[in-house]
Amino acid sequence: MLNLKVSVIGSGNWGSAIAKIVAENAAENRDMFETDVRMWVFEELVAGQKLTEIINTQHENVKYLPGIKLPSNVVAVPDLLDAVEDANLLVFNVPHQFLPRICSQLKGKVPSTVRAVSCIKGVEVSGDGITIIADYISQELGIYCGALSGANLAPEVAQEKFSETTIAYKVPDPSDSIDARVVRTLFHRPYFHVNVVADVAGVSLCGALKNIVALASGFVDGMAWGDNAKAAIIRRGLLEMTKFGREFFPECKASTFTEESCGVADVITSCSGGRNNKLGAALIKTRRPIFELEEELLKGQKAQGVTTAQEVHEFLERRGKLEDFPLFTAVHDIIFSGLDSYALPQILEDVEQKY
Ligand SMILES: NC(=O)C1=CN([C@@H]2O[C@H](COP(=O)(O)OP(=O)(O)OC[C@H]3O[C@@H](n4cnc5c(N)ncnc54)[C@H](O)[C@@H]3O)[C@@H](O)[C@H]2O)C=CC1
Ligand SMILES: O=C(CO)COP(=O)(O)O
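Note that the structure is predicted; figures quoted are calculated from it, not measured. (Residues numbered from 1 in each chain as written. Chains lettered and ligands numbered in written order. Predicted model: local features only at pLDDT ≥ 70, side-chain atom pairs only at ≥ 80, totals over all residues. Heavy atoms only, no water.)

**Observations regarding the packing of helix H12 (residues 275–286) against helix H13 (residues 290–298)**
Part 1: The N-to-C vectors of H12 and H13 enclose an angle of 125°; their axes lie 10 Å apart at closest approach. When the axis of H12 is compared with that of H13, the two are oblique. Of the two possible hands of crossing, H12 and H13 adopt the one that is right-handed. Within the contact between the two elements, H12 uses Arg275, Lys278, Leu279, Ala282, Leu283 and Thr286 and H13 uses Ile290, Leu293, Glu294, Leu297 and Leu298.
Part 2: The class makeup of the residues in the contact of H12 with H13 is seven nonpolar, one polar and three charged. (Axes fitted to C-alpha atoms, helices over the stretch in contact; angles between N-to-C directions. Helix = DSSP H or I, 4+ residues; strand = E, 2+ residues; numbered from the N terminus. Parallel < 35°, antiparallel > 145°, perpendicular 65-115°, else oblique. Left-handed = near helix turned anticlockwise from the far one by under 90°. Contact = heavy atoms within 4.5 Å. Nonpolar A, V, L, I, M, F, W, Y, C, P; charged D, E, K, R; others polar.)

Pasting the structure below:
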């Protein structure tokens, strides 16, 4: 009996869907996990009632994952430290801009034997440095952290429609009771197939960078340019994603970008049904400020590509590499500098020979 206690940090659209999966598996694998799964909720009032109380009584996250019944062993907890107390395994799942504050609250309070998996799609940029989220969590909290990322639109996963995902997890200590089998057991469902690999950097970068590509594909929708243009954006986006990985994270495996769910498959799904795609289209149609549109369209959910485009742009600029990533640069400039999206073919043509 391992009796591992699992806590999910985050309760948004994906946070709640992942809490559902983890709770289903905890209930079915009592030899490995404690049945109750705590889910940290950033407390807010919904129609005058605390969201944690709604989740714990109605078993539904009515604001961020409406219409989906959560298992009764998902326990919503408003206090972050209560949510992680005595946990053996932490599942991080918040929009990445909120992570630094969460880590600063947890710093020094989590034993080094605790293990973590990050489901967050984003990067941390400071100065001319860039850090994948799993490493950021490891550095801040002094614990090992792997990464989960895949072609996983949360509403579809929550409805138990078939999808696949990739988990990068390298057991940090051979004596660990939490190994790849335990991690897979926690996340794998008949409708949610998990492949465990070792490439934490590749899996993390795929998840972060595809959100920039999805914004560009939204621009294509906004201009009604059709499927050929979208395929071109997907192709160029994948080239820039892999180039970025090769150049700044040489430990990445090229096959992660092509063979795993977190790679090509996630680019495809995000460029059709994702929130970044939707926001990119709305931006082109309205030319309204992006964060205003995000608030209005997504109602509290976040499109991570916007902040990631900003962060990646800042990093590339400091490194003098903007010209080597014309699509990433154009996405930033269309959102923040008023660049005309109709200039995309010209921009991409000018640099074609660089690949
Ligand atoms: N939604 C999806 O389909 C998928 C999302 N992801 C990734 O999962 C991560 C989490 O995304 P979602 O769960 O969808 O979140 P979301 O986009 O639904 O964001 C809303 C969440 O942010 C929280 N929040 C708002 N203000 C906050 C604050 N100041 N501090 C802390 N939390 C605050 C809200 O309470 C809510 O839980 C992101 O990196 C996203 O890219 C990955 C796969 C699928
Ligand atoms: O990551 C996702 C699908 O895999 C969700 O993408 P969006 O955040 O653009 O909805």
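**Observations concerning the packing of helix H4 (residues 99–106) against helix H5 (residues 133–141)**
Part 1: Packing of H4 against H5 brings their axes to within 9 Å, and their N-to-C directions diverge by 25°. As judged from the angle between their axes, H4 and H5 are roughly parallel. Seen along the crossing, H4 lies across H5 with a hand that is right-handed. Contacts between H4 and H5 involve Leu99, Pro100, Cys103 and Leu106 on the former and, on the latter, Ile133, Tyr136, Ile137, Glu140 and Leu141.

**Focus on empty space enclosed by the protein**
Part 1: Under the criterion given, the structure shown has one cavity of 30 Å³ or more.
Part 2: The calculated volume of the largest cavity comes to roughly 50 Å³.
Part 3: As for the largest cavity, its lining consists of Ser118, Ile120, Ile133, Ala134, Ala147, Leu148, Ser149, Val203 and Ser204.
Part 4: Looking at the lining of the largest cavity, the elements with two or more residues in it are H5, strand S10 (144–149) and helix H8 (200–222).
Part 5: With three residues, S10 is the largest single contributor of residues to the lining of the largest cavity.
Part 6: Its residues assigned to classes, the lining of the largest cavity comprises six nonpolar, three polar and no charged. (1 Å grid on protein atoms, 1.4 Å probe; cavity = no way out; pocket = protein on both sides within 12 Å on 5 of 7 lines; lining within 4 Å. Points joined across faces, edges and corners; volume = space filled by probe spheres on them.)

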